[in-house]
Each structure stands twice: as structure tokens, then as C-alpha cells.
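Coordinate inspection notes
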Amino acid sequence: MAQNEYYPEEVLVGKMQSGEYGWLDYVNHFSADWQEEYARYCEEKGLAVGNESAAEFVRFKDEELEVAMERGDA
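The text that follows walks through the structure, step by step, so that each part is easy to find.

The rules behind the values
- Residues numbered from 1 in each chain as written.
- Predicted model: local features only at pLDDT ≥ 70, side-chain atom pairs only at ≥ 80, totals over all residues.
- Heavy atoms only, no water.
- Helix = DSSP H or I, 4+ residues; strand = E, 2+ residues; numbered from the N terminus.
- Rg over C-alpha atoms; globule rule 2.2 N^0.38 Å.
- Buried < 20%, exposed > 50% of the residue type's maximum accessible area, 1.4 Å probe, protein only.
- Contact = heavy atoms within 4.5 Å.
- Areas by Shrake-Rupley, 256 points an atom, 1.4 Å probe, with all protein chains shown as cover.
- Patch = residues over 30% accessible without salt bridge, like charges linked within 9 Å, V, L, I, M, F, W, Y side chains within 5 Å.
- Salt bridge = Lys/Arg side-chain N within 4 Å of Asp/Glu carboxyl O.
- Lys, Arg positive; Asp, Glu negative; His and termini not counted.
- Charge placed at Lys NZ, Arg CZ, Asp CG, Glu CD.
- Axes fitted to C-alpha atoms, helices over the stretch in contact; angles between N-to-C directions.
- Parallel < 35°, antiparallel > 145°, perpendicular 65-115°, else oblique.
- Nonpolar A, V, L, I, M, F, W, Y, C, P; charged D, E, K, R; others polar.
- Expected span 1.5 Å × (residues − 1).
- Arc of directions from axis to C-beta.

A separate point is the overall build of the chain. Across its full length, the chain holds four helices and zero strands. The helix and strand sequence of the chain, counted from the amino end, reads α-α-α-α. The C-alpha radius of gyration of the chain comes to 13 Å, within 12% of the 11 Å expected for a compact globule of 74 residues. With the C-alpha coordinates of the chain rotated into their principal frame, the extents come out at 35 × 30 × 20 Å. Counting the 74 residues in the chain, one finds 30% classified as buried. Across the chain, every contact between residues at least 6 apart in sequence was considered, and the portion connecting residues at least 24 apart equals 40%. Summed over its atoms, the accessible surface of the chain is roughly 5,100 Å², and 47% of this surface lies on carbon and sulfur atoms.

Moving on, we get to a negative patch on the surface. On the surface, Glu 9, Glu 10, Asp 62, Glu 63, Glu 66 and Glu 70 cluster together to form a negatively charged patch. For the negative patch, the elements supplying multiple residues, two or more each, are helix 1 (9-17) and helix 4 (51-71). Here the element with the most residues in the negative patch is helix 4; it accounts for four residues. If you trace the backbone, Asp 62 turns up in helix 4. The class of Asp 62 is partly exposed, set by a relative accessible area of 42%.

Moving on, we get to the packing of helix 2 (residues 23-30) against helix 3 (residues 32-45). Between helix 2 and helix 3, whose axes approach to 5 Å, the crossing angle comes to 125°. As summarised for this structure, helix 2 and helix 3 are arranged oblique, according to the angle between their axes. Seen from helix 2, the contacting residues are Leu 24, Tyr 26, Val 27, Asn 28 and Phe 30; seen from helix 3, they are Trp 34, Gln 35 and Tyr 38. Taken together, the residues that form the contact of helix 2 with helix 3 break down as six nonpolar, two polar and no charged.

So, about helix 3. Given 3.6 residues to a turn, an α-helix orients residues that are three or four positions apart in the same direction. Between its first and last C-alpha atoms helix 3 spans 20 Å; for 14 residues at 1.5 Å apiece the expected length is 20 Å, and the two agree. If you check which residues of helix 3 are buried, you get Trp 34, Gln 35, Tyr 38, Tyr 41 and Cys 42. One face of helix 3 carries all of its buried residues, which in axial projection span an arc of 125°. Along helix 3, exposed side chains directed more than 90 degrees from the buried face belong to Asp 33, Glu 43 and Glu 44.

Following this line, the structure appears as C-alpha cells:
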């Protein structure tokens with residue numbers, strides 16, 4: 001993945017709401033860790049890199065966070 005500038009979640013949400021960013025942009029500008037995880041996620045699931053798989057990845061990360069919060073790990 002390319003080197004990108006990273007933004008706080010609030011900035012990314014604003015860019016999504018304004019239509020400036022899609023899900024792939026969101027993932028690529030969230031963090032280097034997310035870029036790496038997303039690339040692995042697509043590879044493991046046989047998905048093409050794009051907005052649809054990026055949206056699926058964000059849902060996966062949301063679910064992961066919910067589970068961690070329920071366990072008291074987050």
C-alpha cells in the first residue's frame with residue numbers, strides 16, 4: 001500500500017460524509033496498521049482491493065472492537 005497521511009477518525013468521518021472519501025480512502029488514511037491488516041484481510045479472503053472490501057473490513061474491525069469491549073479488553 002502507498003504511504004499516506006493519516007487522520008483522526010472524526011476527520012475521516014467528515015470526509016466520508018462530504019463524499020470526498022470512500023471506504024478505501026478511509027482505510028488507507030486511518031493508520032499504517034490498518035493498511036497492512038486490510039491487505040492481509042483481502043488476501044486471506046480472496047477479495048479485490050476496493051471500496052466494497054474496505055467497507056467489509058471496517059465492519060469486521062467494528063465487530064472486533066465490540067467483542068473486545070464486551071470482554072473488557074478495550
